[in-house]
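Analysis of the macromolecular model
Here is what each chain is made of, one letter per residue.
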Amino acid sequence: MHITSLLRAARAGAAACCAVALASCASTGAASRAPAADGTADANPAAVSYLSGSMDITAYKTRWAYNADYDCYELLRVVYCASPADPAYESLNIYVPKAYVVQNGDDGIVFSADSQAGAFTAATAPIILCNGATGWEAGTARTLDELSRRVLELDFKACLAEGFVLVSAASRGPATVSPADASVYIGKAPNNVTDIKAAVRFVRANAGRFPGSAERIVSVGTSGAGGMSAIVGASGDSADFEPYLRDIGAVMDASDAVFATMAYCPITELENADLGYEWMFTLSEGDEISAGGMGLPPLPQKDGKGAKAHKQDAGYRGDSMQGGKKKTVTAFEAALSGDMAAAFERYVATLGIGYAEGDGSRYTSDLVSLFESALNTHLAQTYAANGSLDSAAASAYIASLNQNGYWLEWDGSRAEIAGVTAEEKKRALVESGHLARSKDITGFDAFGYGAEDKLFCAADGAPVHFSRSLADVLTANDARYRTLGGYTDYTAAFATAASEDVARRVAMLSPFHYLAQYRADSTSVRPSPHFRLTVGTADSNASPTAVFDLGKLAEAAGLESEYFFLWGAGHGTHDYAGGFVSWVKRICQ
């Protein structure tokens, strides 16, 4: 009996709880490719059993187990589609607060419809769907320890104590090969997003069969997984994914729309990611930059004052070029960087987020204001004394950031980035080292191919170039580039970006595409009504414009959109203390 039915029965005077039959129906799926803790295929795999054979979770009665460390019940490795390409990457784990469970015995687990944890009941609890992917690579269904320490770094004990139900969903990635034939690659885009959508459909199809409201699914991810979370949130029930969902036997009569989207430092809008990066970090001839590699991100440290403090507070250079090889920017690369930056401003004017062509200065000013807001929020939270700002302590902090060059102005109560124009402020931010470039030119659709190029790989797994925007810049300016020092001809290599198949799959990985589609025709997709996006001010894994533009676009689409920067944070799941939990409670109540 579904929880909704239980509630009706309770109103009629029937019993307030009933047994949810979860009978064992285990089968072994791809046991020879059991995933290791980091989500990769285990070199010496142990047999791993996956729960498969039914899309009805009530088939798995005795498989729930109590997790004392998190005070919850868990059901692990449930395959969420009927014809999985690889169960290791198409399965999920479910974690339910103990308060929702009456008993768990030989005859199965018993949930109470009216039992309460925090502010929620078993019928109203939000379901937090965690995307376990790392970067754009495959991810397995994660244990709570893995989620807490390695993937999302959220306080999942607090989430469970508040009554949230947690789901960790696996997904394929570009390096995933068929268990039957290692020469066949089965994870190229959009299969990764398809898998998460199939997981959403499985959860919705089982509404009421385990605690949690299927109408309150919150998609969560970080970095590439944050990009995937944004796509899931923007493209609910898009017909584009139906052929892919059918291929893996997803539940086709259920929705894959979600209630809310949380994306931490999302790597997104891949088509124009390189353009946005060059706009933020425009190069000049002779600059020294990372030669294809990246430095180590800053390590977060708890400061006990409401937010996470970072080594940036001591002058740390964020995601900068620590270690690794460096190179000197050529005349060709500098010209290309400038042309890509100009192309990005033209692209922003097409988004419909309030900036026309020629509004570059206003766009820059609005973006810079998010950095300044982040700094002043950090000051207010970290240097508070008796309910007000400790101006002397805040002044000392600003002075420490200015010790290698003046770039922050401080009037005793508010800080601003120094500069007369918005462009000067942007340049001061980058040149200060707070937000230091960490990528080579074309770090996404990379000249030498990178992680994102693998997403759109050919059948043999070979990466392909995918950005038409970058290809257009290269083609339009090729004659001029040939006269410059350091020129290399990339126009032929980027011809693959013109492929209709590649372009279609690139669009399917773009939340921008689906939000624009929704604005043109609100019946075409069902985006989540709530978006929350954040990125650290020292995170240079992608341009901060991605979060800004996506937040503005969701806002323009009439959705609730909360987007902000976190001062001093590098790449990762960084948030204000309790920020995620508070947001979920607010939108669900």
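Residues numbered from 1 in each chain as written. Predicted model: local features only at pLDDT ≥ 70, side-chain atom pairs only at ≥ 80, totals over all residues. Heavy atoms only, no water.

Overview of the overall build of the protein chain
Here is the rule: By the criteria applied, helices consist of DSSP H or I runs no shorter than four residues and strands consist of E runs no shorter than two, each listed in order from the N terminus. Each residue is placed in one exposure class: buried if its accessible area under a 1.4 Å probe, protein chains only, is under 20% of its type's maximum, exposed if it is over 50%, and partly exposed if it falls in between. Throughout, a residue-residue contact means that at least one pair of heavy atoms, one from each residue, lies within 4.5 Å.
On a plain count of helices and strands, the protein chain comes out with 18 helices and 24 strands. Each of the 589 residues in the protein chain was classed as buried or not, and the buried ones make up 57%. Once local pairs closer than 6 in sequence are excluded, the contacts in the protein chain between residues at least 24 apart make up 74%.

A word on the pairing of strand β24 (residues 560–566)
On a regular strand, one side chain projects to one face of the sheet and the next to the other, so that they alternate. For the record, the criterion: We call a crossover right-handed when, viewed with the strands running away from us, the connection from the first strand over the helix to the second turns clockwise.
Among the seven residues of β24, five are classified as buried, and the element is accordingly described as predominantly covered. This β-α-β element, strand β23 (residues 530–536) to helix α17 (residues 545–556) to β24, shows right-handed connectivity.

Quick look at the pattern of salt bridges
Selection rule: Within this document, salt bridges are pairs made up of a side-chain nitrogen of Lys or Arg and a carboxyl oxygen of Asp or Glu, the two lying within 4 Å of each other.
Under the criterion given, the structure shown has 27 salt bridges. Linking Arg246 and Glu242 is a salt bridge whose minimum nitrogen-to-oxygen distance equals 3.6 Å. With Arg246 and Glu242 both in helix α6 (residues 242–247) and four residues apart, this pair spans about one turn of that helix. Given the relative accessible area of 27%, Glu242 is considered partly exposed.

Considering the side chain of Asn272
Note the threshold: As used in this structure description, the phrase polar contact means that two N or O atoms lie within 3.5 Å; if the pair is within protein, one of them must be able to donate a hydrogen and the other to accept it, and residues adjacent in sequence are counted only when both atoms belong to side chains.
Residue position: Asn272 is located in the loop between β14 (260–264) and α7 (273–280). Side-chain polar atoms of Asn272 contact the side chain of Ser469, separated by 2.7 Å. What Asn272 contacts, discounting residues up to four positions off in sequence, is Phe344, Tyr347 and Ser469.

A closer look at the packing of helix α9 (residues 360–382) against helix α11 (residues 422–431)
Think of two packed helices as two axes; the pair is described by the angle between the axes and how far apart they sit. We count it as follows: Between N-to-C directions, angles cover 0 to 180 degrees, with each direction set by a line fitted to C-alpha atoms, over the stretch in contact for helices. An angle counts as roughly parallel when it lies under 35 degrees, as roughly antiparallel when it exceeds 145, as roughly perpendicular when it falls between 65 and 115, and as oblique in every other case. Helix crossings get a hand from a simple test, with the near helix turned counterclockwise from the far one by less than a right angle marking a left-handed crossing and a clockwise turn marking a right-handed one. In this count, Pro and Cys sit with the nonpolar residues alongside Ala, Val, Leu, Ile, Met, Phe, Trp and Tyr, while Asp, Glu, Lys and Arg are called charged and the others, Gly among them, polar.
Following both chains from N to C, one finds α9 and α11 inclined at 45°, their axes separated by 8 Å at the closest point. Compared by their axis directions, α9 and α11 come out oblique. In this structure, α9 meets α11 at a crossing whose hand is left-handed. Across the interface between the two elements, Ser361, Thr364, Ser365, Val368, Phe371 and Glu372 of α9 pack against Ala422, Glu423, Lys425, Lys426 and Leu429 of α11. Split into classes, the residues belonging to the contact of α9 with α11 amount to four nonpolar, three polar and four charged.

What to know about the packing of helix α8 (residues 331–348) against helix α13 (residues 468–476)
For the pair α8 and α13, the least separation of the axes is 10 Å and the interaxial angle reads 125°. The orientation of α8 relative to α13 falls into the category oblique. In the packing of α8 onto α13, the handedness of the crossing is right-handed. For the pair α8 and α13, contact is made by Leu336, Asp339, Met340 and Ala343 and by Leu470, Val473 and Leu474, respectively. Residues that form the contact of α8 with α13 fall into these classes: six nonpolar, no polar and one charged.

Regarding α17
Rules: By this rule, a helix spans an expected 1.5 Å times one less than how many residues it contains.
Helix length check: α17 (twelve residues) gives 16 Å between terminal C-alpha atoms against 16 Å at 1.5 Å per residue, within 8%. The buried count for α17 comes to ten of twelve residues, which makes it a mostly enclosed element. Looking at α17, one finds that the buried residues are Thr545, Ala546, Val547, Phe548, Asp549, Leu550, Gly551, Lys552, Leu553 and Ala554. Just beyond α17, the residue with positive phi is Gly558, at close to 85°.

What about helix α2 (residues 144–151)?
Residues of α2 that are buried include every one of Leu144, Glu146, Leu147, Ser148 and Val151, and no others. A positive backbone phi angle near 60° is found at Glu153, which sits one or two residues after α2.

Quick look at the pairing of β23
Defined as follows: Here a strand pair is declared whenever DSSP counts at least two bridges between the two strands.
Counting buried residues along β23, seven of its seven residues qualify, which places the element largely inside the surrounding structure. By the bridge criterion, five bridges tie β14 to β23 in an arrangement that is parallel. The residue of β23 that forms the bridge with Ala263 is Leu533. Sheet analysis places β23 next to β24, joined by seven bridges and oriented parallel. The residue of β24 that forms the bridge with Phe531 is Ser561.

Comments concerning the packing of aromatic side chains
Each pair of aromatic rings is reported with the distance of its centres and the angle of its planes. Rules: Centre distance within 6.5 Å is the pairing criterion for rings of Phe, Tyr and Trp, where only the six-membered ring of Trp is used; planes under 30 degrees apart are then read as stacked, over 60 as edge-to-face, and the remainder as tilted. Here, a charge over a ring is recorded when the distance from Lys NZ or Arg CZ to the ring centre is within 6 Å and its angle to the ring normal is within 35 degrees.
Applying the stated criterion to the full structure yields 24 aromatic pairs. Their ring planes at 90° and their centres at 5.1 Å tell us that Tyr355 and Tyr363 sit as a pair that is edge-to-face. Taking relative accessible area as the criterion, Tyr355 reaches 4% and is therefore assigned buried. Ring centres of Phe447 and Phe494 lie 6.1 Å apart, and the angle between their planes is 85°; on these two criteria the pair is classed as edge-to-face. Of this pair, Phe447 sits in the loop between α11 and α12 (451–455) while Phe494 is found in the loop between α14 (478–481) and α15 (500–508), placing the two residues 47 residues apart along the sequence. Side by side, Phe447 and Phe494 carry an identical accessibility label, which is buried. Through a chain of ring-to-ring contacts, the aromatic side chains of Trp279, Phe344, Tyr347, Tyr355, Tyr363, Phe548 and Tyr563 assemble into a single cluster. The ring of Trp279 has Lys426 sitting right over it, with the charged end atom 3.8 Å from the ring centre. Geometry around Phe444 places Lys439 over its ring, the cationic atom sitting 4.7 Å from the centre.

Description of unusual backbone geometry
The omega torsion across Ala189 and Pro190 is 10°, close enough to zero to call that bond cis. Note that Pro190 resides in the loop between β12 (165–169) and α4 (191–205). A positive phi angle, close to 55°, is found at Asp71, a residue other than glycine. Among the secondary structure elements, Asp71 is positioned in the loop between β4 (65–67) and β5 (72–79). Among the residues examined, Asp71 registers a relative accessible area of 38% and is labelled partly exposed. If you check the backbone angles, Asp237 has positive phi at about 60° while not being a glycine. With respect to the element layout, Asp237 can be found in the loop between α5 (224–234) and α6.

Digging into empty space enclosed by the protein
Cut-off, in case you're wondering: Each cavity reported here is a set of points on a 1 Å grid over the protein atoms alone in which a 1.4 Å probe fits but cannot get out, each pocket an open set with protein on both sides within 12 Å along at least five of seven lines, and each lining residue one with an atom within 4 Å of a point. Grid points are joined across faces, edges and corners, and a volume is the space filled by probe spheres set on the points.
The final tally for this structure, using the stated rule, is four cavities of 30 Å³ or more. Considering only enclosed or pocket space, the largest cavity measures out at about 120 Å³ in volume. What lines the largest cavity is a set of 15 residues, and nearest its centre among them are Thr268, Asn272, Ala273, Thr545 and Ala546. Elements that contribute at least two residues to the lining of the largest cavity include exactly α7, α8 and α17. A class-by-class count of the residues in the lining of the largest cavity yields eight nonpolar, five polar and two charged.

Overview of the confidence of the model for the protein chain
Just so we agree on the cut-off: The predictor attaches a confidence to each residue, and that confidence, scored 0 to 100, is pLDDT.
Predicted confidence across the protein chain gives a mean pLDDT of 87, with 86% of residues reaching 70 or more. Contacts from residues 1–47, a stretch scored under 50 in pLDDT, to residues over four places away or in other chains number 115 contacts. Under a pLDDT of 50 for its full length, residues 293–323 has, in the predicted model, 79 contacts with residues more than four places off or in other chains.

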